Amino acid sequence: MRIACLHSVLDDPVAPRPPAAIAADLADLGLTEVAIDLEAPDVPADAAGAWLESWAQAVADTRLRIAWTRAAPVRWPSACMQLDAAMPLLVPRDGTVGATPADSLRCLVAQAAELRREMLVETAADVFPDARTASDLWRSLPTPGVALEFDLGAYARFNPGANVEIALLRVIDLVGAVRMRDVSGSHGDDDWLAPGEGAGEFARLAEIFQSMAFRGPCVIDFGRRRGAATLPATRRRLRDALAYLGDCGWHESRKFA
């Protein structure tokens, strides 16, 4: 399966790193894809276009591929038009327009047609409280060009006690991308963990995606741990996550050796 990493995992929120440095780190780890987040706090609001151009150059130099760009067309109309039309656009849950989830989905379908690109929409507890709700909504409307991004960690956190495997099977044919982050399962723990650091059953989930011949990007995302937030420590956590995912069957382990 296609394994990517969110750019902000290896960024520094205090002193943002240039795209070239992040891309080089990811390539050194053996990754071939990166997901970039235009909504991240390190992105200069007054220079989004230049920031995207820097990323375009960085991926060209390292031969990385951009898995998707997270951006709301309502906030970044010029930047979204600037993006490569072949690149999927991930729309954050607060970046949709509409009084109801159905209205928001209709708006996204219209935007996908206008921008002539694939659109992904984040699953969110406040919009899609469970997989059944998301499935029923998607199947009640024509949604060409729009797919779900299934966030394994967020679903587990906002649906405590729910079976993620059953939820995923309900919507697997609607999923265009996967966000791979873990949670501890402990009440009150708000840290997003790297795959393998929490309670996620990634081995079983890998079997489901493989059985469906899933071809979308699987994007690793996690936050920096308090007390261990240095860049070298984060690199080690990312390397460990890649090894763990290989053991679970998400990719060939030797690729990231």
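Everything discussed here concerns the structure shown above.
Residues numbered from 1 in each chain as written. Predicted model: local features only at pLDDT ≥ 70, side-chain atom pairs only at ≥ 80, totals over all residues. Heavy atoms only, no water.

Engineer: How should the side chain of aspartate 182 be read in this particular structure?
Structural biologist: Looking at the secondary structure, you find aspartate 182 in the loop between strand S7 (175-180) and helix H8 (202-211). Residue classification places aspartate 182 among the buried positions, given a relative accessible area of 2%. Here the side chain of aspartate 182 touches glycine 198 through a polar contact of 3.0 Å, landing on its backbone nitrogen. A distance of 3.3 Å separates a polar side-chain atom of aspartate 182 from the backbone nitrogen of alanine 199. (Helix = DSSP H or I, 4+ residues; strand = E, 2+ residues; numbered from the N terminus. Buried < 20%, exposed > 50% of the residue type's maximum accessible area, 1.4 Å probe, protein only. Polar contact = N/O pair within 3.5 Å; in protein donor to acceptor, adjacent residues only side chain to side chain.)

Engineer: Explain the environment of alanine 213 here, please?
Structural biologist: Within the secondary structure, alanine 213 sits in the loop between H8 and strand S8 (217-220). A relative accessible area of 48% places alanine 213 in the partly exposed class.

Engineer: Would you mind showing me how to read the nonpolar core here?
Structural biologist: Looking at soluble globular proteins, one finds that nonpolar side chains tend to be buried together. One finds Leu238 and Trp250 to be the most contacted residues of the largest nonpolar core, which totals 84 residues. Setting aside its immediate chain neighbours within four residues, tryptophan 250 contacts Met1, Ile3, Leu152, Met180, Phe202, Leu205, Ala206, Phe209, Cys218 and Leu245. (Core = buried A, V, L, I, M, F, W, Y, C linked by side-chain atoms within 4.5 Å. Contact = heavy atoms within 4.5 Å.)

Engineer: Explain the pattern of salt bridges here, please?
Structural biologist: Pairs may arise between side chains of opposite charge once their charged atoms sit close together. Overall, the coordinates contain 16 salt bridges when judged by the stated rule. One salt bridge connects arginine 75 with glutamate 39, and the closest N-O pair in it is separated by 2.9 Å. With a gap of 36 residues between them, arginine 75 in the loop between strand S3 (65-70) and helix H3 (77-82) and glutamate 39 in the loop between strand S2 (33-37) and helix H2 (48-62) connect regions that are remote in the sequence. For arginine 75, a relative accessible area of 37% puts it in the partly exposed group. (Salt bridge = Lys/Arg side-chain N within 4 Å of Asp/Glu carboxyl O.)

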